[in-house]
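Coordinate inspection notes
Chain by chain, the residues run as shown.
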Amino acid sequence: MANNLDLLGALLVGLAGSGHCIAMCGGVSAALSMAIPADRQHFWGRLCYLLNYNLGRLLSYVIAGALVGGLLATTSELGAGKHALAGLRVIAALLMIALGLYLAGWWQGVLLLERIGAKFWPLIKPLAGRFIPFTSALHALPFGMVWGWLPCGLVYSMLAWSAAAGSAGGGALIMFFFGLGTLPTLFALGGLADRLRYWLTLRSLRLGGALLLMAYGLHTLWIGLASF
């Protein structure tokens, strides 16, 4: 099961990755805004649609985290057990470090994961079109669930972290806290917190988060290697 440090780190990744979220989800936010009925284009109306969209997105993250966490835990029990989980923790640690380097703007290797996921995205994306234009705020929930599978290096890195949690519940919790960390950015993109968007994209915030993430990655790497 994920510990408190894992959950705090996942939340940090979501917050520090705001710049990447803005680049990846800007088009989604535009599509979401245009799909909202004209008579709901006020603060409370938009808030309702954004809440449902982000709830759907978080549900996708939680489901994915539970699947990889549970699947890898089952595989390790059938196979190498302790050593399999230690190996997963080492891989997750290396991805944390790579993600920190990306957030700091020092290395773009994480984007290679997005290129792999992009090959499958055209098979999933058309599903989102079935729910727009929205006739109800509830339609934003399945719309968000589809877009939760958007190819994203941050999400893929966090899924590796979820796999190392060693259980379905632990993987789901890590992805849930990561999703919570992305919420401020997505609400800012939705036009409900323009000033917040400015603070989230500050270079100092991204750099601080990246350094903390790399430090935690090194700590996790040490634990993983010591477990062999």
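Computed from a prediction, not measured in an experiment: that's the story for all the values here.

Some remarks on the overall build of the protein
Counting its secondary structure elements, the protein contains 11 helices and zero strands. For the protein, the sequential pattern of α-helices and β-strands runs α-α-α-α-α-α-α-α-α-α-α. By residue count, 49% of the 228 residues in the protein fall in the buried class. Here the analysis covers contacts within the protein between residues at least 6 apart in sequence; of these, 82% occur between residues at least 24 apart. Total accessible area computed for the protein in this model is approximately 10,700 Å², and 73% of it derives from carbon and sulfur atoms.

Here's the deal with a nonpolar patch on the surface
Taken together, Leu55, Leu59, Ile63, Leu67 and Trp149 make up a surface patch of nonpolar side chains, about 450 Å² in accessible area. Mapping Trp149 onto the fold places it in the loop between helix 7 (140-147) and helix 8 (153-163). Overall, the relative accessible area of 37% leaves Trp149 in the partly exposed class.

Details of the UniProt feature "transmembrane region" (unreviewed entry) in the protein
In this structure's numbering, the residues bearing the UniProt feature "transmembrane region" (unreviewed entry) are residues 59-79, 86-107, 127-150, 171-193 and 205-225. Secondary structure across residues 86-107 divides into 86% helix and 0% strand, with the first and last C-alpha atoms of the span separated by 26 Å. Helix makes up 100% of residues 205-225 and strand makes up 0%, while its end C-alpha atoms are separated by 30 Å.

Points about the confidence of the model for the protein
Of all residues in the protein, 88% have pLDDT values of 70 or greater, and the mean over the chain is 82. Summarising per-element confidence for the protein, the mean pLDDT is lowest in helix 10 (residues 194-200) (57) and highest in helix 7 (92).

Some remarks on the nonpolar core
Ranked by size, the top nonpolar core spans 32 residues in total, and within it Leu99, Leu103, Met158, Trp161 and Phe178 carry the most contacts. Counting only elements with at least two residues in this core, the list comes to helix 1 (4-16), helix 3 (43-78), helix 4 (82-104), helix 8, helix 9 (168-189) and helix 11 (203-226). Among the elements that take part in this core, helix 4 stands out by supplying nine residues, more than any other. If sequence neighbours within four positions are ignored, Phe178 has contacts with Ala10, Leu11, Val13, Gly14, Tyr61, Leu154, Val155 and Met158. Grouped together as the second largest cluster of nonpolar side chains are 24 residues, Cys21, Tyr49, Leu58 and Phe134 included.

Structural notes on helix 9
Taking 1.5 Å of rise per residue, 22 residues should cover 32 Å, and helix 9 covers 31 Å from first to last C-alpha, within 8% of that figure. By the largest-angle criterion, Leu183 marks the main kink of helix 9, which is about 35°, and a proline, Pro184, follows within four residues. Near the N-terminus of helix 9, the side chain that reaches the backbone nitrogen of Gly170, with its oxygen 2.9 Å away, is that of Ser167.

Some details on the side chain of Asn52
Here Asn52 lies in helix 3. Relative accessible area serves as the criterion here: at 13%, Asn52 is assigned to the buried category. The contacts of Asn52, once residues within four sequence positions are left out, are Ala137, Leu138, Ala140 and Leu141.

Looking at the packing of aromatic side chains
Under the definition given, this model contains eight aromatic pairs. Judged by centre distance (5.4 Å) and plane angle (85°), the rings of Phe134 and Phe143 are edge-to-face. By relative accessible area, Phe134 is classed as buried at 4%. Residue Phe143 is classed as buried on the basis of its relative accessible area, which comes to 1%. Taken together, the ring pairs connect Tyr49, Tyr53, Trp121, Phe134, Phe143 and Trp147 into an aromatic cluster.

Concerning the layout of surface pockets
What the largest pocket holds in volume is close to 280 Å³. If you go around the largest pocket, you meet 19 residues; those closest to its centre are Trp149, Leu150, Val155, Tyr156 and Leu159. Counting only elements with at least two residues in the lining of the largest pocket, the list comes to helix 3, helix 5 (111-118), helix 6 (121-124) and helix 8. Its residues placed into classes, the lining of the largest pocket shows 16 nonpolar, three polar and no charged.

Observations regarding the environment of Gly70
Looking at the secondary structure, you find Gly70 in helix 3. Remark: the alpha-carbon pair of Gly70 and Ser162, spanning 92 residues in sequence, is separated by 9.3 Å. If we skip the residues at most four places from it in the chain, Gly70 touches Ser167 and Ala168.

Rules and cut-offs
- Residues numbered from 1 in each chain as written.
- Predicted model: local features only at pLDDT ≥ 70, side-chain atom pairs only at ≥ 80, totals over all residues.
- Heavy atoms only, no water.
- Helix = DSSP H or I, 4+ residues; strand = E, 2+ residues; numbered from the N terminus.
- Buried < 20%, exposed > 50% of the residue type's maximum accessible area, 1.4 Å probe, protein only.
- Contact = heavy atoms within 4.5 Å.
- Areas by Shrake-Rupley, 256 points an atom, 1.4 Å probe, with all protein chains shown as cover.
- Patch = residues over 30% accessible without salt bridge, like charges linked within 9 Å, V, L, I, M, F, W, Y side chains within 5 Å.
- Salt bridge = Lys/Arg side-chain N within 4 Å of Asp/Glu carboxyl O.
- UniProt positions renumbered as here; feature names shortened; annotations may be inferred.
- pLDDT = per-residue confidence, 0-100.
- Core = buried A, V, L, I, M, F, W, Y, C linked by side-chain atoms within 4.5 Å.
- Expected span 1.5 Å × (residues − 1).
- Bend = angle between axes of the 7 residues up to and from the residue.
- Polar contact = N/O pair within 3.5 Å; in protein donor to acceptor, adjacent residues only side chain to side chain.
- Phe/Tyr/Trp six-rings, centres within 6.5 Å; stacked < 30°, edge-to-face > 60°.
- 1 Å grid on protein atoms, 1.4 Å probe; cavity = no way out; pocket = protein on both sides within 12 Å on 5 of 7 lines; lining within 4 Å.
- Points joined across faces, edges and corners; volume = space filled by probe spheres on them.
- Nonpolar A, V, L, I, M, F, W, Y, C, P; charged D, E, K, R; others polar.

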